[in-house]
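Reading the structure
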Amino acid sequence: MREIAGLKAVEEAVGRATEMARPVLYTPGWGGDIQRPTTIASLNILSHIAEKTAQYDCRLVFPTHDPVIMAVAQEVVRESYARAGQGDRFSEDDICYVSSSQFGYAAAVEGMITRLKPASIFLLGTFEAESLILAEVGNTVGAIQIAGTDSTIQLAFFIVACDYTLIGEEVFAASGYLSQDASILASVRAQDVLKILIAIFLVGAILWATIDPTSGWWRF
Amino acid sequence: MRRRFPQIVCGLFGFTLFAVYFSGHPIAGAINETVLRGYWQIIFAFALLVGVVSFARFNLGAIARGSDRPYRIASLVGLFSMPFLALVWGIKGDSPFIWVFDYVQVPMQSTVFALLAFFVASASLRGFRARSVPATVLLVSALLTLISRSDLGDVLFAEFSDVAEWVRDAPSMAARRAILIGIGLGSLTTSLRVLLGLERTWLGSDS
């Protein structure tokens, strides 16, 4: 699997937060709920980051707009801390629900970033208009920022404001990349094969439409 | 078993709803509606309760510890005052609940949204520094779009709008569609991994 710079930087981001004795902030955005594959993909990445923060004894803060995501994230992080042998360090209060309102959520996370001054910020999930507000506030506190989303409109904001950006499918491939699980890597491979087939189909369709063999122009 | 059972439920519901979604049968439509709307609302209502309890506990704990007290108190006042106003005076057009919504909550949300204008300016300033070839392409495309959206574009060059439209419709749309194909396939494989039980992170711990 090719190297994904944003995921390679995860270790560096958590290490930086540990050295600076500041927390890591992770948020999945306001745009998605637990039914969305992007949110599931984001929680998979959260699991790996939580394990790293547990190993380094670094605080992880996870604000969210959705109480269902909060409940699932608490379990995911608890499991990661347990896997790292640091189960007693897990704090349920750090995985918190802030507001279901879009700008209420943006204001709450913005406030957390300003007050806690996290050394590393992960913005991974489905984002809408709040994306740039969070990324810019993160920038002002000097945090290293790793972002990724399936919202194509918000990608441009993340590319401009963040240090690393996972573009679309990279968010979904992250789970395989981080875990190196053979079955997950196989599904990423299948995804690539399908993409090649779609590309071949598109090129074939363009050629077909351009040449238009059914019109009979080639007969003379 | 604590992981196996939810996994089976997830797979069962996932594949059933997948089949039901593509079926035109009225019973299939009714199942889809019941599960996606009815069940989801019930689950969300209970989860919201968990969220509110967690929010209140988190803020009360912070107040007790003395950290960011003014913000925590403001949060709790907001959390409890709205249901209080709704329960006592109702939510009709001239009730205090609607007044607070119209004259406190909406202006505050608009204020946060308005911040975006300043953030767009500061992010653009950084992003449009032509330090590399991609950044230069970004700068030129942005300038083309910006100028084409103003009256200046057509004054400078009659076909300015057409050029900017071509940039949006051809190279920009092609890149966007390529990303969207990747996202579609990524969503599909992630969903399949969850339904088949290959991806179990969301299940949390065994104990």
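Since the model is a prediction, treat every value here as computed from it, not as a measurement. (Residues numbered from 1 in each chain as written. Chains lettered and ligands numbered in written order. Predicted model: local features only at pLDDT ≥ 70, side-chain atom pairs only at ≥ 80, totals over all residues.)

1. Points about the overall build of chain B
To be explicit about the condition: A helix here means a DSSP run of H or I that spans at least four residues, while a strand means a run of E at least two residues long, and both kinds are numbered starting from the N terminus. To assign burial, the other C-beta atoms lying within 10 Å of each residue's own C-beta are counted, with C-beta atoms placed from the backbone; 20 or more indicates buried, 12 or fewer indicates exposed, and intermediate counts indicate partly exposed.
When its secondary structure is counted, chain B shows 7 helices and 0 strands. Its helices and strands in sequence order give chain B the pattern α-α-α-α-α-α-α, from N to C terminus. In chain B, which comprises 207 residues, the proportion classed as buried is 12%.

2. Remarks on the domain arrangement of chain A
All names here are of chain A. Filter applied, for reference: Where a domain begins and ends is set by an automatic assignment or by a domain database. The contact criterion used here is simple: two residues whose C-beta atoms, placed from the backbone, lie within 7 Å are in contact. Gly counts as polar in this scheme, as do all residues outside two lists: the nonpolar Ala, Val, Leu, Ile, Met, Phe, Trp, Tyr, Cys and Pro, and the charged Asp, Glu, Lys and Arg.
Considered domain by domain, chain A is made up of domain 1 (5-179) and domain 2 (181-220). With centres defined by C-alpha atoms, the gap from domain 1 to domain 2 works out at 36 Å. At the junction of the two partners, domain 1 supplies 5 residues and domain 2 supplies 5 residues. In terms of residue class, the side of domain 1 that touches domain 2 is built from 1 nonpolar, 3 polar and 1 charged.

3. Some points on the packing of helix α9 (residues 182-211) of chain A against helix α7 (residues 160-195) of chain B
Applied cut-off: Angular values range over 0 to 180 degrees, each being the angle between N-to-C directions of two axes fitted as lines to C-alpha atoms, with helices fitted over their stretch in contact. The crossing is said to be left-handed when, going from far helix to near helix, the turn is anticlockwise and less than a right angle, and right-handed when the turn is clockwise.
Two elements in contact, α9(A) and α7(B), have axes separated by 10 Å at closest approach and are oriented at 145°. Classified by chirality, the crossing of α7(B) by α9(A) is right-handed. Seen from α9(A), the contacting residues are Ile184(A), Ser187(A), Ala190(A), Gln191(A), Leu194(A), Lys195(A) and Ile198(A); seen from α7(B), they are Ile181(B), Gly182(B), Leu185(B), Gly186(B), Thr189(B), Leu192(B) and Arg193(B). Considering only residue class, the contact of α9(A) with α7(B) consists of 7 nonpolar, 5 polar and 2 charged.

4. Let's talk about the pairing of strand β1 (residues 24-27) of chain A
Residue and element names in this part refer to chain A. Let me state the cut-off plainly: Whether two strands pair comes down to DSSP finding at least two bridges between them. Viewed with both strands pointing away, a crossover whose connecting path from the first strand over the helix to the second turns clockwise is right-handed.
With burial as the criterion, each face of β1 is covered, one bearing Val24 and Tyr26 and the other bearing Leu25 and Thr27. Pairing of β1 with strand β2 (residues 60-64) involves 2 bridges; the strand directions are parallel. If you follow valine 24 over to β2, its bridge partner there is leucine 60. Considered for its hand, the β-α-β crossover made up of β1, helix α3 (residues 37-56) and β2 is right-handed. In this sheet, strand β4 (residues 120-125) lies alongside β1 in parallel orientation, the contact comprising 4 bridges. Paired with tyrosine 26 across the strands is phenylalanine 122, a residue of β4.

5. Quick look at the environment of Glu33(B)
All names here are of chain B. One can find glutamate 33 in helix α2 (residues 26-65). According to the C-beta neighbour criterion, glutamate 33 is exposed, with 11 such atoms within 10 Å. For the pair formed by glutamate 33 and alanine 174, sequence separation is 141 residues and the distance between their alpha carbons is 35 Å.

6. Overview of helix α3 (residues 69-89) of chain B
Under the convention used in this document: What a helix should span is 1.5 Å times the count of its residues minus one.
If you check α3(B), its first and last C-alpha atoms are 29 Å apart, about what 21 residues at 1.5 Å a residue would give, namely 30 Å. Taken from the residues just after α3(B), Gly90(B) is the one with a positive phi, measuring 80°.

7. A closer look at the nonpolar core
All names here are of chain A. As a reminder of what qualifies: Working definition: the nonpolar core is a set of buried Ala, Val, Leu, Ile, Met, Phe, Trp, Tyr and Cys residues, joined through C-beta atoms within 7 Å.
Among the nonpolar cores identified, the biggest contains 81 residues, and Leu46, Ile49, Val72, Ala73, Val77, Leu123 and Ala135 are the most heavily contacted of them. Of the residues forming this core, the biggest block, 9 residues, is contributed by helix α4 (residues 67-83). In this structure leucine 46 touches Tyr26, Ala73, Val76 and Val77, once residues within four positions along its chain are discounted.

8. Describing the interface of chain A and chain B
Every contact between the two is made by 50 residues of chain A and, on the other side, 44 residues of chain B. The set of elements that each furnish at least two residues to the side of chain A that touches chain B consists of α3, α4, β3 (95-97), α5 (102-116), α6 (130-140), α7 (152-161), α8 (169-179) and α9 of chain A. Examining the composition of the side of chain A that touches chain B, we find that 10 residues originate from one element, α4(A), more than from any other.

9. Topic: the packing of α7(A) against helix α4 (residues 96-127) of chain B
Put simply, the rule is: If an angle is under 35 degrees, it is roughly parallel; if it is over 145, roughly antiparallel; if it lies from 65 to 115, roughly perpendicular; otherwise it is oblique.
As a packed pair, α7(A) and α4(B) sit with axes 9 Å apart at the nearest point and diverge in direction by 60°. The orientation of α7(A) with respect to α4(B), classified from their angle, is oblique. For the pair α7(A) and α4(B), the sense of crossing is left-handed. Contacts between α7(A) and α4(B) involve Phe157(A), Val160(A) and Ala161(A) from the former and Ala123(B), Arg126(B) and Gly127(B) from the latter.

10. Some remarks on the sheet that holds β3(A)
In a beta sheet, neighbouring strands pair by backbone hydrogen bonds and run either parallel or antiparallel. All names here are of chain A. Taken in spatial order, the 6 strands line up as β3-β2-β1-β4-β5-β6 in an open sheet, and their pairing is parallel. Whereas interior strands pair on both sides, the edge strands pair on one side only; in this sheet they are β3 and β6 (164-167). Pairwise comparison of adjacent strand axes, ignoring direction, gives a mean angle of 15° for this sheet. Across the sheet, α8 is in contact with β4, β5 (144-149) and β6; its angle to β6 comes to roughly 95°.

11. Observations concerning unusual backbone geometry
Positive phi, normally seen in glycine, also occurs at Ala21(A), with a value near 55°. With respect to the element layout, Ala21(A) can be found in the loop between α2 (10-19) and β1. Of note in this structure, Asp68(B) is not a glycine but carries a positive phi near 50°. The residue Asp68(B) is located in the loop between α2 and α3 in this model. For Asp68(B), a count of 17 C-beta atoms within 10 Å gives the class partly exposed.

12. With respect to the environment of Asp162(B)
Residues and elements named next belong to chain B. Secondary-structure assignment places aspartate 162 in helix α7. Classification of aspartate 162 by C-beta neighbours within 10 Å gives partly exposed; the count is 13. The spacing of aspartate 162 and serine 148 is 14 residues in sequence and 8.5 Å in space, taken between C-alpha atoms.

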